[in-house]
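An overview of the molecular structure
The chain contents come next:
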Amino acid sequence: MDASSAPAHLARAAANPDKPIRVGRNNAYPHQLWWFIASVVAFIAICQFASWVALKISARRPSPPSQTPATRAVSWRRLPSALVNAYRVVAFRWTLNIGPTFTLTLAELSIVCGYIIALYTWGFINTTNLAGQNLNQSYWENRLGVLSASQLPLITALGTKNNALSYITGVSYDRLKFIHRMMARSVFILLWAHGIARLTHLENSQYPTWFVPLGILAMFFFTILLIVSIRPLRARVYELFYYAHVLSVLIILFAGYFHANSEGYGFYVWPCFAIWGLDRAMRLTRLIFYNHLYFGLSATADRLDASVELLSPHLVRLHLKRPPHFRWTPGQTAYVAMPGVSHFPIESHPFTIASVDARYALEDVTEKPITDDEKVVDAANEGTLYWNELVFLVHVREGYTRRLADAAARGEKVKVLIDGPYGFSPNLDSDDTVVLVAGSSGVTFTLSTFLGVLSHVKSGKSRCRKLIFVWCIRDASHIEWISQALARALELAPANIDIAVRIYVTSQNGESVPREGSWAEEESLHSSENASPVTKTRPSSLLNSEAVQVFPGRPDLAALLHEQIEVNTGRLSVTVCGSQGIARSCRAALRIPISTTLKGGPSVVLHVESFGYA
């Protein structure tokens, strides 16, 4: 600043003594909010690390001897374990249920409330001007805009598939999407308050002609984005949300950058482009690396096309070969792009991988190649399919999955590009008892977890001695979705583990459970009159296994889980993938009192996977 401009600057400051204070707080408060968020993230990371250390230590201890409930006595030596269980109950099993499809745990609710309180506190604290007027508009109107801009990089990072926060906190990217949406909606309200307040006494001469229109443009598309992201609408028209999200975010960031940069705050917005670009670059690199044969002139490219089978009118099985360097762990997801099915080649959707890679094979399985014109999957090959290939069980809805089902009905193969794997698998190696609960197509997660547990027990990596597989299906014919894989796994399972498979058929005619020989040799697995029977599977031996029981009606999950708590000691884990009703029932059943652990009951861990569109 030169000498001639200094008097003018001092004169303006003297005329408006509040301005230097406002500007100083506008600059300082976003930094303070970021330090607060960083402290919370660090605390979660420390807790995750402590939990990992405790898990490793407990894995070295021998399993405690079994005790009947009558012989269990209170021991205060178990108080630390009892307190940990009490924390799990309060934080992750007490919930706020919003409608039939949305549930917030108290841990999630605490994060939501804590963030909103922090954001709005820094937005409206110390807004009394020198004249003594409380909540003076000139103090908070610009501050809300600056605070909102400062949160955009974090919101962007939480919306990406490859973000450092997942690895720091141990929370999967799909779970972080909930926080991504919550933060975006909180910032949205602040931005509207900022915009309305500024427009009420805006002096156009102070700003470039494009300053206000850019801000209005960003808020217009932000509003559209918030509308299409409402959960029921997002689930019903996911493809509309997908395209609207991509377009709106680009417009919001570009318009927001130039709007904020004119006031000297563009440095908060431009990192969003770097974060988004880095994520896309990593995904593109992974896409080329794992699908490189498609991008070359290899004569084997056509062999990489995926086979698609319509197992029922509501479920498609997609399976394909991939190079051995594509590895994943049970329960992980992959983004699947099918240029011949989607409207745009870059469109991809996440699906849980139902199979396990060769590292988890229970025996030395070998692939049986299927010719391009072969439409019959023989039982022997299907039994090993879940160890040889990438397998997805896709629930048919509208749009993308409906077009995939149509391709399956026509007996077509589809070109598939894989991006992944993503997410974290629950660590069940230290659990003495493992209970897996699935509803319908949620079996994609629990089946791969089931196969993974058996593999680790056989190799000595897991201490599990009891494995219970619970599956709720609507129709008895759905058993055939995974019957060959499940039967093969039971045949190869190690002898030192107790396995129970309980299948519940909830339809009215659930009593008529198919048995060996009940399927005609040429009978299709689906009942659709218009669909082509592209998949014919020979009868399964699964239902002849002593480990398998089939029941009509819905399971009494509370009674089933309470029974396991009563008869087991050590560490018990319950892994759930299904509807909100199933997840809520399991959470309610596992709200065990602290006295259960003090009396020698098991330490209970619950894993719940989301069900539906991301």
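The rules behind the values
Residues numbered from 1 in each chain as written. Predicted model: local features only at pLDDT ≥ 70, side-chain atom pairs only at ≥ 80, totals over all residues. Heavy atoms only, no water. Axes fitted to C-alpha atoms, helices over the stretch in contact; angles between N-to-C directions. Helix = DSSP H or I, 4+ residues; strand = E, 2+ residues; numbered from the N terminus. Left-handed = near helix turned anticlockwise from the far one by under 90°. Contact = heavy atoms within 4.5 Å. Buried < 20%, exposed > 50% of the residue type's maximum accessible area, 1.4 Å probe, protein only. Pairing = 2+ DSSP bridges. Phe/Tyr/Trp six-rings, centres within 6.5 Å; stacked < 30°, edge-to-face > 60°. Lys NZ or Arg CZ within 6 Å of the ring centre and 35° of its normal. Salt bridge = Lys/Arg side-chain N within 4 Å of Asp/Glu carboxyl O. Expected span 1.5 Å × (residues − 1). pLDDT = per-residue confidence, 0-100.

1. Examining the packing of helix H7 (residues 173-200) against helix H8 (residues 211-228)
Between H7 and H8, whose axes approach to 11 Å, the crossing angle comes to 145 degrees. Crossing hand, H7 versus H8: left-handed. Taken together, the residues of H8 that come into contact with H7 (itself represented by Ala184, Arg185, Phe188, Leu191, Trp192 and Leu199) are Val212, Met219, Phe222, Thr223 and Leu226.

2. What about the pairing of strand S14 (residues 571-577)?
The buried fraction of S14 amounts to seven of the seven residues, a majority that puts the element mostly inside the structure. Residues Arg571, Ser573, Thr575 and Cys577 of S14 are buried on one face, and the alternating residues Leu572, Val574 and Val576, pointing to the opposite face, are buried as well. Relative to S14, strand S10 (residues 433-439) runs parallel, the two sharing six bridges. Directly across from threonine 433, in S14, lies its bridge partner leucine 572.

3. Some details on the packing of aromatic side chains
A full pass over the atoms with the stated rule returns 23 aromatic pairs. Taking the centre distance of 5.9 Å and the plane angle of 50 degrees together, the rings of phenylalanine 36 and tryptophan 122 count as tilted. Of the two residues, phenylalanine 36 sits in helix H2 (residues 18-60) while tryptophan 122 sits in helix H4 (residues 106-124), which places them 86 residues apart along the sequence. Judged by centre distance (5.6 Å) and plane angle (45 degrees), the rings of phenylalanine 326 and tryptophan 328 are tilted. One aromatic cluster is present, formed by Phe289, Tyr290, Phe326 and Trp328 through successive ring pairs. One residue, arginine 283, lies across the ring of tyrosine 335, its end atom 4.9 Å from the ring centre.

4. Some words on the pattern of salt bridges
With the rule as written, the count across this model stands at 12 salt bridges. A salt bridge links lysine 415 to aspartate 305, with the nearest nitrogen and oxygen atoms 3.5 Å apart. Taken together, the residues lysine 415 in the loop between strand S8 (413-414) and strand S9 (417-422) and aspartate 305 in the loop between helix H12 (292-295) and strand S3 (306-312) connect sequence positions 110 residues apart. On the basis of relative accessibility, which here comes to 14%, the residue aspartate 305 falls in the buried class. Between aspartate 432 and arginine 463 there is a salt bridge; the shortest N-O distance is 3.2 Å.

5. Some details on the sheet that holds S9
Ordered in space as S6-S5-S9, the three strands form an open sheet in which the pairing is antiparallel. Two strands in the sheet have a free side with no partner beyond their single neighbour: strand S6 (348-352) and S9. Within this sheet the neighbouring strands show an average axis-to-axis angle of 25 degrees, counted without direction. Bridge count between strand S5 (residues 333-337) and S6: five bridges; the pairing is antiparallel. The residue of S6 that forms the bridge with threonine 333 is threonine 352. Where helix H11 (residues 270-290) meets the sheet, it contacts S5, S6 and S9, and its direction lies at approximately 115 degrees from that of S9.

6. What about H8?
Its 18 residues give H8 an end-to-end C-alpha distance of 27 Å, which sits within 8% of 26 Å, the value for a rise of 1.5 Å per residue. Taken residue by residue, H8 has Phe211, Val212, Leu214, Gly215, Ala218, Met219, Phe221, Phe222, Leu225, Leu226 and Val228 as its buried positions. On its buried side, H8 packs onto H7, helix H9 (231-236) and helix H10 (238-261).

7. Details of the confidence of the model for the chain
Mean pLDDT over the chain works out to 81, with 83% of the residues at or above the 70 mark. In this model residues 8-13 is a low-confidence stretch, pLDDT under 50, and it forms one contact with partners more than four residues away in sequence or in other chains. Low pLDDT, under 50, characterises residues 367-379; the stretch is placed with 19 contacts to residues that sit more than four places away or in other chains.

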